[in-house]
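Tertiary structure, described
As a plain string of letters, each chain reads:
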Amino acid sequence: GGGLPGGALAACLAATAVYVPRHVGFCRRAEWRRRIVAATALLGFALIPFNPGGNTLIIYAMSMGALALPPRLALLNGIGLVVATGALFQWTLAGSGLAAPYTLMVGVIGGVVLVGVLFARQRAARNAELRLTQEEVKRLARLAERERIGRDLHDLLGHTLSLVVLKSELAGKLLERDAAA
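Not measured: the values here are computed from a predicted model.

**Some words on the overall build of the protein**
What the protein contains, in helices and strands, is five helices and zero strands. If one aligns the C-alpha atoms of the protein with their principal axes, the spans along those axes are about 125 × 30 × 25 Å. Buried residues in the protein amount to 25% of all 181 residues. Long-range pairs, those at least 24 residues apart, make up 63% of the contacts in the protein between residues at least 6 apart in sequence. Working note: accessible area of the protein is about 12,300 Å², and carbon and sulfur atoms make up 67% of it.

And the structure:
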């Protein structure tokens, strides 16, 4: 039939049961991420002999590595995972002619995902930097506006006080000349 044999299905279900909590941990605990990348890859390697679809976990490990590791290490991790997956496919699918296509699929899909995540990370970092820059520009603009208002008040107050002094002097002189007026 076209369905999965019972052992492969059981292996998939077991791998899913093991993977899902690790994925949740990856999303919630940054300090666990590197270990979860390794655990996901190992789970994929353990599943592939039972079901070649375990390569999906290798692709997940590559994408998680792109989030958890520095970019160069994430690329090296991705390359290493593709090479190891290819070797495992050569062993488990020997003689079937499927090892190369499966390996190519992991390399292409995993590579696209890995590079996409790395670019998204870079864009997010650049956007965060731009937000900080914009906030600093706004802060400096507010500070400049406060200083401008302060200068304007100082000038206005200085001018007003000068007028008061001038009028007082004038009133004093007028008072000396004509007190009744």
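**Quick word on the confidence of the model for the protein**
On average, residues of the protein carry a pLDDT of 86, and 93% of them reach 70 or more. The least confident element of the protein, judged by mean pLDDT, is helix α1 (residues 6-28) at 71; the most confident is helix α4 (residues 71-92) at 95.

**Quick notes on the nonpolar core**
Most often, soluble globular proteins have nonpolar side chains that are buried together. Among the nonpolar cores identified, the biggest contains 19 residues, and Met 62, Leu 81, Phe 89 and Val 106 are the most heavily contacted of them. Mapped onto this core, the elements with two or more residues apiece are α3 (55-68), α4 and α5 (99-177). Discounting residues that sit within four places of it in the chain, Val 106 has contacts with Asn 55, Ile 58, Ile 59, Met 62, Val 82, Thr 85, Phe 89 and Gly 111. One finds Ala 15, Tyr 19, Leu 57 and Ala 68 within the second-largest nonpolar core, a separate group that totals 10 residues.

Procedures and definitions
- Within any chain, residue numbers begin from 1 and follow the written order of that chain's sequence.
- At least 70 in pLDDT is required for a residue's local features to be given in this predicted model, at least 80 for side-chain atom pairs to be given and counted, and no such filter applies to totals for whole chains, interfaces and linings, which use all residues.
- Side-chain figures throughout are based on the complete set of non-hydrogen atoms in the structure, without hydrogens or water.
- Labels follow the DSSP assignment, with helices taken as runs of H or I lasting at least four residues and strands as runs of E lasting at least two, numbered in each case from the N terminus.
- For every residue, the accessible area (1.4 Å probe, protein chains only) is compared with the maximum for its type, and the residue is labelled buried under 20%, exposed over 50%, or partly exposed between those bounds.
- Only heavy atoms matter for contacts: two residues are in contact if any of them lie within 4.5 Å across the pair.
- A 1.4 Å probe and the Shrake-Rupley method give the accessible areas. Residues count as covered only by the protein chains that appear here.
- What pLDDT conveys is the predictor's confidence in a given residue, as a value from 0 to 100.
- As used in this record, nonpolar core signifies buried Ala, Val, Leu, Ile, Met, Phe, Trp, Tyr and Cys residues forming a set joined through side-chain atoms within 4.5 Å.

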